Amino acid sequence: MEDSAREPGIRPAVLADAAAVRAVTDAAYGPYIERIGVVPQPMRADHGAEIAAGRVFVLGEPVVGLVVVEAHEDHLFLDSVAVRPDAHGQGVGRRLLAFVDAHARALGLPEVRLYTNALMWENRKLYPRYGYELVERRVDGPYDRLHYRKRLAP
C-alpha cells in the first residue's frame, strides 16, 4: 500500500484475520436481515478470497472495523464498511472512510463508488455527510440498492 494511504491502525488483512472479518461483518450486517428480508451480500462473501486478493483492510487489535474495496480503471469500489456495534460512535467508520479516500487517491483514482440497500436508512443519512452523492436506485435481484459516488479532489 502506498504511504499516502496509510492511516494509523488500518492495515491490510491477512488470512489469520478471516474469522475476525467474518465476525465483524456478521455483527454489523446481521441486524438488517429482518428489515431487508434477505441476508446482506457482505455476509455471503468469501472473506478468505477477498483477503487473499488484497481487498480487505482492518482497523484495531482486535479488529473493530474493516473495509472491502476493489480498484477499477476509473474508480475505487467500496464493497463493504463494517464496524462492530460496540464500537459505534467512536470514529471507526469515519477513519475507515477517510482511509478509503486516501487509498483511492494513492491509486490515482478520481472517485469512490458504493451502494447500500435502500432500507438501510441510516446509510442514506451517513454517506452524504461524507461527500457522497446519490446517482441512481437500482434493483439487483433481491436487493434494492442506492448507488453513490464521491468525486475526489486531486
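The coordinates are above.
Residues numbered from 1 in each chain as written. Predicted model: local features only at pLDDT ≥ 70, side-chain atom pairs only at ≥ 80, totals over all residues. Heavy atoms only, no water.

So, the side chain of Glu 50
Mapped onto the elements, Glu 50 comes out in helix α4 (residues 47–52). A relative accessible area of 9% places Glu 50 in the buried class. Setting aside chain neighbours within four positions, we find Glu 50 in contact with Ala 45, Arg 55, Val 56, Val 68 and Asp 79. (Helix = DSSP H or I, 4+ residues; strand = E, 2+ residues; numbered from the N terminus. Buried < 20%, exposed > 50% of the residue type's maximum accessible area, 1.4 Å probe, protein only. Contact = heavy atoms within 4.5 Å.)

Thoughts on the nonpolar core
If you look at the biggest cluster of nonpolar residues, it comprises 26 residues, and the most contacted ones within it are Val 67, Leu 78, Leu 96, Val 100 and Tyr 132. For this core, the secondary structure elements donating two or more residues are β2 (56–59), β3 (65–71), β4 (76–83), α5 (92–106), β5 (111–117) and β7 (143–151). The residues touching Leu 96, leaving out its near neighbours within four places in the chain, are Ile 10, Leu 59, Gly 65, Leu 66, Val 67, Val 81, Ala 82 and Val 83. In this structure, Val 24, Ile 36, Ile 51 and Val 58 belong to the second largest nonpolar core, which totals 16 residues. (Core = buried A, V, L, I, M, F, W, Y, C linked by side-chain atoms within 4.5 Å.)

Description of the packing of aromatic side chains
Tallied over the entire structure, the rule returns four aromatic pairs. With a centroid separation of 4.9 Å and an interplanar angle of 50°, the aromatic rings of Phe 57 and Phe 99 are classed as tilted. Taken together, the positions of Phe 57 in strand β2 and Phe 99 in helix α5 put the pair 42 residues apart, joining distant regions of the chain. A single burial state applies to Phe 57 and to Phe 99, both of which are buried. Measuring from centroid to centroid gives 5.3 Å for Phe 77 and Tyr 115, while their planes differ by 45°, and the two rings are tilted. Of this pair, Phe 77 sits in strand β4 while Tyr 115 sits in strand β5, and the two are 38 residues apart along the sequence. A residue is classified by how much of its surface remains accessible, and Phe 77, at 13% relative accessible area, is buried. Through a chain of ring-to-ring contacts, three or more aromatic side chains come together here, namely Tyr 127, Tyr 132 and Tyr 148. (Phe/Tyr/Trp six-rings, centres within 6.5 Å; stacked < 30°, edge-to-face > 60°.)

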